[in-house]
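Now for the letters of each chain:
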Amino acid sequence: MHNVVIVGSGCAGNTAALYAGRANLKPLVIKGHEAGGQLSLTTLVENFPGFPDGINGPDLVENIKKQAERFGAEYMDGTVAEADLSKRPFRLRVEKEWIETRALIIASGASARWLGLPNEQKLIGHGVSSCATCDGFFHRGSVIMVIGGGDSAMEEANFLSRFGSEVILVHRRDQFRASKIMLDRARANPKIKFLTNTVVEDIYDVHKGHVTSVKLRDTSTGKVWDQEVGGFFVAIGHIPNTAVFKGQIDTDPDGYILSKGGARTNVNGVFHAGDVQDRTYRQAVTAAGMGCMAAIEVERFLEAEGH
Ligand code: NAP
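This write-up is about the structure you can find in this document. (Residues numbered from 1 in each chain as written. Predicted model: local features only at pLDDT ≥ 70, side-chain atom pairs only at ≥ 80, totals over all residues. Heavy atoms only, no water.)

**Here's the deal with the overall build of the chain**
Here comes step 1: Scanning the chain for helices and strands turns up six helices and 19 strands.
Here comes step 2: Expected size for 307 residues packed as a compact globule is a radius of gyration near 19 Å; at 21 Å, the chain falls within 12% of this value.
Here comes step 3: If one aligns the C-alpha atoms of the chain with their principal axes, the spans along those axes are about 65 × 40 × 30 Å.
Here comes step 4: Within the chain, the proportion of its 307 residues that are buried is 49%.
Here comes step 5: Summarising the internal contacts of the chain: among those between residues at least 6 apart in sequence, 59% fall at separations of at least 24.
Here comes step 6: A total accessible area of about 14,900 Å² is found for the chain, and carbon and sulfur atoms account for 48% of it.
Here comes step 7: Counting 34 positive and 36 negative side-chain charges, the chain places the averaged centre of each group 1 Å from the other. (Helix = DSSP H or I, 4+ residues; strand = E, 2+ residues; numbered from the N terminus. Rg over C-alpha atoms; globule rule 2.2 N^0.38 Å. Buried < 20%, exposed > 50% of the residue type's maximum accessible area, 1.4 Å probe, protein only. Contact = heavy atoms within 4.5 Å. Areas by Shrake-Rupley, 256 points an atom, 1.4 Å probe, with all protein chains shown as cover. Lys, Arg positive; Asp, Glu negative; His and termini not counted. Charge placed at Lys NZ, Arg CZ, Asp CG, Glu CD.)

Spelled out as structure tokens, the structure:
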């Protein structure tokens, strides 16, 4: 029987583990299918306080993990396949093993959203990617396309301009969600070309086994054309990882956990932290802050329960 299990090992989960560890709760962290979370897929993080020269995302998240381990947090590979939150102790199945816990922190984050194009899934890993940091290197000297109009798209386009001969940023509207500084940086980059009011209709070539070109459509004129590309990076936001808790935890229609104040969910003893609940801020520092809040709430919850 565990005092607290933390689902997810990103910035939120690791910070929760650090605080719960220091509260002597011996937390168990279930790493999840994207261990390290979104930070492990980024490059330089310049806005996490305390690092005047920035820090690499994977280093930041690994440092927090090490810090948590120093205070007794344990990490387990795997993902939660099944959960029973109807009674206490809560029960979670990871692979074949059932785990019991008095309290639970859901910090399972949000995963990349895809366009849903016919050939997109077939070409993932063969030119289609959601992670510039992971796959940019493979597209040295080729034309790279990035889809999206948010900060992620700007960040990926800038990063990929180090590798590609040209980066074409395709956005379905002519207004951007990206922050001004990120947008300005991308606009000032001579290797990045913007295509607005444009959508991708299909990606080729499944028969050749890798990305060769895409079919584009201008939504204002209706013009359709093919564009040669070597790499195709989708940066259109994320989907919260709450499917396994569906029907047991209150979520909004998109699956983000509905907070009941602080880090509380609708289930007494189950808390949330990070992007799995936060569709507004979604920053490393806010995720870390929520991880801290969730752990403090767990501590108080267990104390009130006499543990
Ligand atoms: P986002 O802000 O939600 O932007 C998603 C973009 O993808 C939007 O431009 C959206 O278009 C587009 N999109 C969504 N579905 C689409 C579809 N089916 N087809 C075509 N386009 C589609 O997501 P994000 O860029 O991942 O950013 C998420 C959060 O992380 C934000 O708060 C952001 O500030 C933060 N972030 C910060 C940094 C940084 O500061 N270094 C870096 C990355 C992310 P519409 O605008 O038309 O809806």
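**Section: the site of the ligand**
Here comes step 1: The ligand sits among 19 residues. The nearest are Asp 151, Ser 152, Arg 172, Arg 173 and Arg 177.
Here comes step 2: One nitrogen or oxygen atom from the side chain of Glu 155 is found 3.1 Å from a nitrogen atom belonging to the ligand.
Here comes step 3: Contact between the ligand and Arg 177: an oxygen atom at 2.6 Å from a side-chain N or O atom of the residue.
Here comes step 4: Protein chains bury 78% of the 920 Å² of accessible surface belonging to the ligand in isolation.
Here comes step 5: No other element matches helix H4 (residues 151-160), which puts three residues into the shell around the ligand.
Here comes step 6: In the shell around the ligand, the residues fall into four nonpolar, nine polar and six charged. (Near = heavy atom within 4 Å. Polar contact = N/O pair within 3.5 Å; in protein donor to acceptor, adjacent residues only side chain to side chain. Nonpolar A, V, L, I, M, F, W, Y, C, P; charged D, E, K, R; others polar.)

**Some points on unusual backbone geometry**
Here comes step 1: The omega torsion of the bond from Arg 88 to Pro 89 falls at -5°, within 30 degrees of zero and hence cis.
Here comes step 2: As for its placement among the helices and strands, Pro 89 is situated in the loop between strand E6 (80-84) and strand E7 (90-94).
Here comes step 3: Omega for the peptide link from Tyr 204 to Asp 205 comes to 15°, which places this bond in the cis form.
Here comes step 4: Along the chain, Asp 205 turns up in the loop between strand E14 (198-204) and strand E15 (213-218).
Here comes step 5: Unusually for a residue other than glycine, Asn 24 sits at a positive phi of about 65°.
Here comes step 6: For Asn 24, the location among the structural elements is in the loop between helix H1 (11-22) and strand E2 (28-30).
Here comes step 7: The phi torsion at Lys 26 lies on the positive side, around 50°, for a residue other than glycine.

**Comments concerning the sheet that holds strand E11 (residues 143-147)**
Here comes step 1: Here we have five strands laid out as an open sheet, ordered E10-E17-E11-E12-E13, and parallel in their pairing. Looking at the sheet topology across the chains shown, the edges are occupied by strand E10 (128-129) and strand E13 (192-195).
Here comes step 2: When E11 meets strand E17 (residues 231-234), the two strands line up parallel, connected through four bridges. The residue of E17 that forms the bridge with Val 146 is Phe 233.
Here comes step 3: This element, H4, spans E11, strand E12 (166-170), E13 and E17 of the sheet and lies at about 170° to E11. (Pairing = 2+ DSSP bridges. Axes fitted to C-alpha atoms, helices over the stretch in contact; angles between N-to-C directions.)

So far we have only geometry, and geometry alone does not tell us how the molecule works.
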